Each structure stands twice: as structure tokens, then as C-alpha cells.
Amino acid sequence: MELDSKCPSGPIETRWDRHKFELKLVSPANKRKYTIIVVGSGLAGASASATLAELGYNVKCYCYQDSPRRAHSIAAQGGINAAKNYQNDGDSVYRLFYDTIKGGDFRSRESNVYRLAQLSVDIIDHCVAQGIPFAREYGGVLANRSFGGALVSRTFYARGQTGQQLLLGAYQAMQRQIAAGRLTMFPRHEMLELVLVNGRARGIVTRNLIDGKIESHAADAVVLATGGYGNVYYLSTMAKGANATAIWRAYRKGAFFANPCFTQIHPTCIPVTGEYQSKLTLMSESLRNDGRIWVPLKKGDTRPPNQIPEEERDYYLERMYPAYGNLVPRDIASRAAKRVCDEGRGVGPTGYGVYLDFRDAIQRLGVNVIRERYGNLFEMYERLTGEDPYKVPMRIYPAIHYTMGGLWVDYNLMSTIPGLFVIGEANFSDHGANRLGASALMQGLADGYFIVPYTVGDYLASTKLEKVSTEQTEFRDAEREVAERIRRLLSVRGRRTVDSLHRELGKLLWEYCGMARNAQGLQYALKKIPELREEFWQNVIVPGTGEEFNQSLERALRVADFMELAELICYDALHRNESCGGHFREEYQTPDGEALRNDSEYAYVAAWEFTGVGNPPRLHKEPLVFEYAKPTERSYK
Amino acid sequence: MRIILHVWRQKNASEPGRMVRYEVNNVNPHMSFLEMLDVLNEELVQQGEDPIAFDHDCREGICGMCGFMINGRAHGPEPGTTVCQLHMRHFRDGDELWLEPFRARAFPLIRDLVVNRSAFDRLIAAGGYISVNAGSAPDANAIPVPKQAAEKAMDAAACIGCGACVAQCPNASAALFLGAKISHLGLLPQGQPERYQRVLKMVSQAALEGFGHCTNAGECEAVCPKRIKLEVIARMNRDYLVAAVKHLGVKEAVEAGVG
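Okay, so let's go over this structure. (Residues numbered from 1 in each chain as written. Chains lettered and ligands numbered in written order. Predicted model: local features only at pLDDT ≥ 70, side-chain atom pairs only at ≥ 80, totals over all residues. Heavy atoms only, no water.)

### Quick word on the sheet that holds strand 12 (residues 292–296) of chain A
Inference 1: Ordered by their spatial adjacency, five strands build an open sheet running 11-15-14-12-13 (chain A), and the pairing between neighbours is antiparallel. Strands with a single pairing partner mark the edges of an open sheet, and in this sheet they are strand 11 (263–269) and strand 13 (313–314) of chain A. (Pairing = 2+ DSSP bridges. Helix = DSSP H or I, 4+ residues; strand = E, 2+ residues; numbered from the N terminus.)

Below is the structure:
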């Protein structure tokens, strides 16, 4: 199958405008005759649901949480980028486009990224109009801060709760549409299967998490907005319930999965304390604006940080990357932390931690300014660790945070299954091999508010769709398949809990497909994962029944899919014989340890096709062409 | 550490529930409260018992999904903390704790410590938004917002909708939750056109959902994990009074019990 990205040609500045004009429209009177399913209610799902309903479509939205307001976008702390140039510091749509392409290590599509940068401006306008309480200057205008990977100040923020505020804005827009009768919300419903009729996405099968009922829902188009798959690593900064089941089920039905090995490790998380650890907590990257990262110069220096004199500290990011200093992109900051810890200079009880120190910023700006900027983050750190960051430096370590990979989509955000759209973190589209800070919120909202509402309309207007009913065989078969999967999980009655198997899978992936990878380790992981998957199906214990509120069963269904996805991630990481962004292959590095890209052989999107569980997936390549942002070595020195 | 738990177990809304005693040994003080329950649940599953059902998701105190009563206090003893961020170092070896679900008529029980808080969504649907469609906004800096107003709006907007305020209130009132949204939107210039309609619609929806009246007990503020202040309730009452007089007329407003 030939992958057609449907990217428009011509001058990049006008591509989206021209494309929008060419998209077909559905007449206002006909929109209500179409039903659109949206799965997930984070920034992408909520904004898409609300906007499609505003346009007059009949929308159904599903989420596993008890309310759409709880989706994990809510946990994004630092901010959202927009090329407003309100600071008069030389920002522009083109600069945001360029920074994003370079930040993604030249592994994303120019057309998509340019559109994203253009729409960033409209997002801020819309969010302000919705009543998002962004930070302001005394004159009443919007405030900005800097973020990793940029030399301009273009990040808009609402204290350390930007994701929460943006999500509540989209959630409130949804509630308005629910009251208007155009949107129906299905909370505590988990999508367990995608239904195709004549090769097109026409519905889903869900499990009602309260009573276990398996239900079919039909529609004219399906939009997946189910977020990333970072929880395959068990320990991550994701919400505990976040999972890959929706995109995995779509992959198994024929949607290609693109660049699964592009996973992002966030440099500033609170280090692991013990085996019982259930998740990792992120401290916003915005802290790197004022905090200085360091480790002791000497190996095994166990003195308390405040007793280590200035000349015996190694501010390694400032030393290695003088231009960007502590504000280098996430992948670079993470690998540098791993390197100094591997050298034996890490701090804290496990030796896997580095200091993030605010002493100098407090001296320079005063404690009140620091409190105003980061008060809630400091409070959170103290609550979790029992240490006061105003007095002792924070200890941080990298953790899995975001997945740039996801289902392959074309310029219209449609997957290789006609009628199946994928938006937000669930797709692969805009961040290449590494996402810059404050760009996830931007992408989720661009997709949901300003792209998919147009492109879904084009699909509906240009496609002849027959009537479907949930009574027909395609739906009945999918329901039976789901019921059978649940029956199998419940009937194993083995000896190992879902969590213990999931933790083992996570450790395997973190060890061999985490911050640094090599061919030998990946081959080992590819041998172990199928064994662990076998162990899962032979020895898992899932208590209770399928016809009740059963959180163990929910987890088992998600982990069963992670057991397959983990293998795909390793296949992708093994095939990509280069280092780029979040994918660092130890065999491919420069003499001073930086990632060594291979543009002549790997400047493409790797889109994988499912060929059956346990079989190697089939690779399809979408070549990446750079007409504007010419690939260069990604230097932050 | 060793902790003794008495946990409310109830299979579903129609079957009766009861307190069940559990002992958790080897509790690490760095664990969060929910991680302690995870460890207990792993043991229960190994023994072939049903694990304790509790809601949780982000585990970083922002999604608002978790929450139950610990010794009669929503989210437990630490102020300004959700139960997912409550760490065992705040308890002592041998402590005995009673865990119960949030109780309110508007929050029907689902299982064990899990309740249905969809009533909060319906309160927002009644008017907790600014009516603006995507695409119709002016430039973001077109309307200046005084820093102080933005800060105060943010204080109120920090609400995570967990329901602790309702659970702690002797009347199961949603006043703090309502006041937070009404203050957030009412403090901003963008929220002015619908300000008075909003308060009337949201307050009347709360009565329909079965939330009680506010009698200024102040319990809600004491347990709010985001430290939303009682002044949001005062602001809501003021807006409600103005709205009632404006829209109903003084006579009808007095008859409707305003003021």
C-alpha cells in the first residue's frame, strides 16, 4: 500500500488556506444527520467534540474516567506555545515552525508543522475568549515565559496548571453542547474494539465500567483522541488509567502505527523511591528557567548539597551547552542526566538523581518572585518528598512522559482506515522524534478546534455512506470477540497479578528500549516480550466477573494490549539504525556523545502494518521532504 | 509501619455494605496512601478476594478523580492535599483508620469507595461556561484583564471537582464548587454577558440534583485540596441576589427566598 500524506504543495505559508478551500463542506441543514464518535476527552477529544457539535453534527464522546474533565491533559503544568510575538523578541509563525522541526530532529512533516504554528495563534485567542485565566502583566496583557528548545518567550501559562485550565475550557464548551442536545457524553465507558463496515470505520464496541455491559455504537466517522501509550513502561508520568487499547485495536484492524519507538523521556521528574511506586510525578520543565541543574564534580560525594562548595559542583548542562544551558530540549537534558549518573555522580539514596537548584535564583530575584512563579510546584515537591525546595535543591531524574509515535495519519488527520481520524497525542503527526515543551497542548487543541472539524466534514461530504445498524454482523462479531477476550482473562485464574506482570514488562522496556538503546538489547527484549506475553495469558489472576465494576479486569484488558505493543516498539527501535530525538541508539553517536542522525537512509516515517500477534509487522515508509527547514546537525551548544 | 484499616465494602448500590478490618504491614513512609491500598489490593487478589475499589487516575492531585473519607475527613488529615498525594509519613505506626466513600444524596454509590459525581457535570452544563464558538474570538490581547482579576479568577478556577466540599458539608451543599466556577467566570471581562443568567441557572440546577443549602459551616473550605476560599460563596450569593432582583423583580425575589 502506497502511503499518501495528502500534503498540499506550493508555498508553505498558504498550504493550509488553499487546502481548506478545497475541502468539501457539508450543508448546515445536513450536519445533524451525521453522527460522529469521539473517543477520549482530553484536550484533543474535548475540543473536537465541542467544535463538531457547535457546527451542528450529532456527536457522541466516550471516556473511561467518571467525567470528561479528568482526562490527563489536565496534568500538563508549564504552558502552551503560540507564535504571537507579544514579547517583541523576534518570534514568528516561521520561527515556531522551524524550532518545532529542529526540536523534532527533522523527523516530522513540514506541512503539518507549519499549519500547527499558524493555528497556535488562533488557539490563544479562542482560549482567552473562553475565560482561561492566563497569567497577566500589570497592564492587563498576557504574560509569557521561555521553554526548552527556544530562544524566544512564547509560552502562555496559567500558573503551573495550564493543562487543567485549557482542559476545563474545552470541557465547559462540551457541557454547553451537552445542554444544547448536540453532544452525548458516555463517561466510564472504555472502547474495546473498532468496527469496520465495508472497510470504513463505522463504530465502536465499549464496556460500561459500572455494570460491565458490552455495547455497540454506530456512527459515520470515528475520531480517536485517546492519548499516548507511555504506560506500556509501567512507570511513567501518565495517569494510571491511560492506555493504548483504542489505538491498538485500530492497529489490529488495519490502521498503520507510525514511529512507535519515538518516546519522550522528561528530564525533570521526582526520582523513584521504591518497588511499590505506582507512577512518577513530573516537575514542570518551566522550572529550568530559573533552576540550575548540577551534580557533584567528584564520584560518590555524599555530602549534603548545601555543603558542597561552588567549585566542586558541575553545572553540566551549562558547561556542555553554553548557548541554551539549562534550557536544552528534553531528550538532550535527559541523556545528560543519565550520563552523569552512570558515571557515579548521581545524588539521592539510589544514585539516580541530579540537583535542580534555586539558590541563585532566590538570591537574584527574591523568594517572593520565585514563589509567585513556581509556588504550587514547590509545594507539590515538598508534599511528595518531605523536603523544602526553598532551602534544599530538588532532586530530579528523567521519566517516560510522552509518546511522539502513534497511529499514522495523513494531512487530514485520517488514518489508513477510511473514516478513522486520530488526533492529539494518539497520532504521530507533528513532533517528529522529540516534542518541545508546551507543544502538546498546542497540538491537541489545533487538531480538535481547528483541523478535524474541517477534515471530517470533507470526508463525510465526499463519501457515500450506507446506513449501518448495531444489529448487523460486523457489530455482533466485534461484541462477541470482546466478550471472548474478557472470558479468557477471567478464566486463567493463575498466580500473578496484572500489576506484577505489567511492572515486569515496564522494567524490560525501560532497560532495553528506554533512554539509550542498542541492537543487542533490543534483540533480547524481542525474545523476552513474547515469553512474558505467554506468561501473562497462562498465569494472570483477574478476580471477580465481567458483569460488575471490576478495576482488575479493566487493567488486565489494557495490559494485554501493552504486551503486544511493547514488541512493536522494539521492532521499530531495532530497525532505525540511527539516533534521533528521543530514540538514542548507542551505536550511532558523535565522538562527544551526541545523537548521530542518518538522513540519507532514515529520513522517513516508519509506518507499521499488523500481520498477526507474534509475527513481525510489515514496514511502510513515508519519505520526509524538507523544502524549507534544511536538516542540519541539531546543535544547542 | 503497621496500619489498621476499616474499609467500607459494598458490592454495588443495591446490596448492603459493611466495614471490614484489614491490617497492612511493612508500610513504607514514602508511599502515598493509594500506593498503600495498591499493596493491600495485591495481597487481597493473591488470596482470591475482591480488591477494594477506589477511584484514582492522575495520582498527582489535579484530575480530581480520587477521594474518600479518612477518619471522617475528606482526603484525610493533611490540609490542601488530595488522597493520592497524601503520604504515609503523616501517619504513625499502629494507626487505625476508617475509610468511607463520599456520602451525599447527589453522589450515589457505585462500589466500595467509588461514587458517581456526574451531578457536577450537570451543574456545569447548566451554565458554567462562556458561550463562544471556536473561530469567533478577537485577538487575545484585545481585552486587557487586570492582573489582580486574573489572579483571583485563577484562585477560583483551581477547583478540581473532586467533591470533597460536598462530602464534608453537613448539608451536602455544592456551594463551594458552584461559587468557584461562578467566581472564576464572573471575575473576567469575558464572563460578564452571561454572569447573572449563569448564577440563576447553576443554583437552580443544584437544587434539582439534591445538593443541600449552604449554611456557612465552612467545612468545605477546610477540606478543599485546592484551598478554594469561602469568599467564592459570598460572591455567588451577591451575584445571585443581583440576578434575582434584576430578573425576577424585588417582590418575586423575596418570595423565592433570596436574601
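Now, onward.
### Observations regarding the pattern of salt bridges
Inference 1: Tallied over the full model, the rule gives 79 salt bridges over all chains.
Inference 2: Here arginine 198 of chain B ties to glutamate 194 of chain B by a salt bridge, and the two come within 4.0 Å at their closest N and O atoms.
Inference 3: Overall, arginine 198 of chain B belongs to the buried group, its relative accessible area being 2%.
Inference 4: Each of the salt bridges in this network shares a partner with another, and the network as a whole consists of Asp105, Arg107, Arg576, Glu578, Arg597 and Asp599 of chain A. (Salt bridge = Lys/Arg side-chain N within 4 Å of Asp/Glu carboxyl O. Buried < 20%, exposed > 50% of the residue type's maximum accessible area, 1.4 Å probe, protein only.)

### A word on the environment of leucine 557 of chain A
Inference 1: With respect to the helices, strands and loops of the structure, leucine 557 of chain A is situated in helix 16 (residues 551–575).
Inference 2: Setting aside residues up to four positions removed in sequence, leucine 557 of chain A forms contacts with Leu192, Thr245, Arg485, Ile486 and Leu489 of chain A. (Contact = heavy atoms within 4.5 Å.)

### Quick look at the packing of aromatic side chains
Two aromatic rings, taken as a pair, are described by how far apart their centres are and by the angle between their planes.
All names here are of chain A.
Inference 1: Scanning all chains against the criterion turns up 32 aromatic pairs over all chains.
Inference 2: Geometrically, the ring pair formed by tryptophan 248 and phenylalanine 257 is tilted, given 6.2 Å between the ring centres and 55° between the ring planes. The pair formed by tryptophan 248 and phenylalanine 257 is uniform in burial state, with each residue classed as buried.
Inference 3: Taken together, a centroid distance of 4.8 Å and an interplanar angle of 65° make the contact between phenylalanine 358 and phenylalanine 378 edge-to-face. Of this pair, phenylalanine 358 sits in the loop between strand 14 (354–357) and helix 10 (359–365) while phenylalanine 378 is found in helix 11 (residues 367–385), placing the two residues 20 residues apart along the sequence. (Phe/Tyr/Trp six-rings, centres within 6.5 Å; stacked < 30°, edge-to-face > 60°.)

### A word on the packing of helix 4 (residues 93–103) of chain A against helix 5 (residues 110–129) of chain A
Residue and element names in this part refer to chain A.
Inference 1: Their axes nearest at 8 Å, the elements helix 4 and helix 5 cross at an angle of 135°. One finds that helix 4 runs oblique with respect to helix 5. Between helix 4 and helix 5 the crossing geometry is right-handed. Facing Val93, Tyr94, Leu96, Phe97, Thr100 and Ile101 of helix 4, the residues of helix 5 in contact are Glu110, Val113, Tyr114, Ala117, Gln118 and Ser120.
Inference 2: Tallied by class, the residues present in the contact of helix 4 with helix 5 amount to eight nonpolar, three polar and one charged. (Axes fitted to C-alpha atoms, helices over the stretch in contact; angles between N-to-C directions. Parallel < 35°, antiparallel > 145°, perpendicular 65-115°, else oblique. Left-handed = near helix turned anticlockwise from the far one by under 90°. Nonpolar A, V, L, I, M, F, W, Y, C, P; charged D, E, K, R; others polar.)

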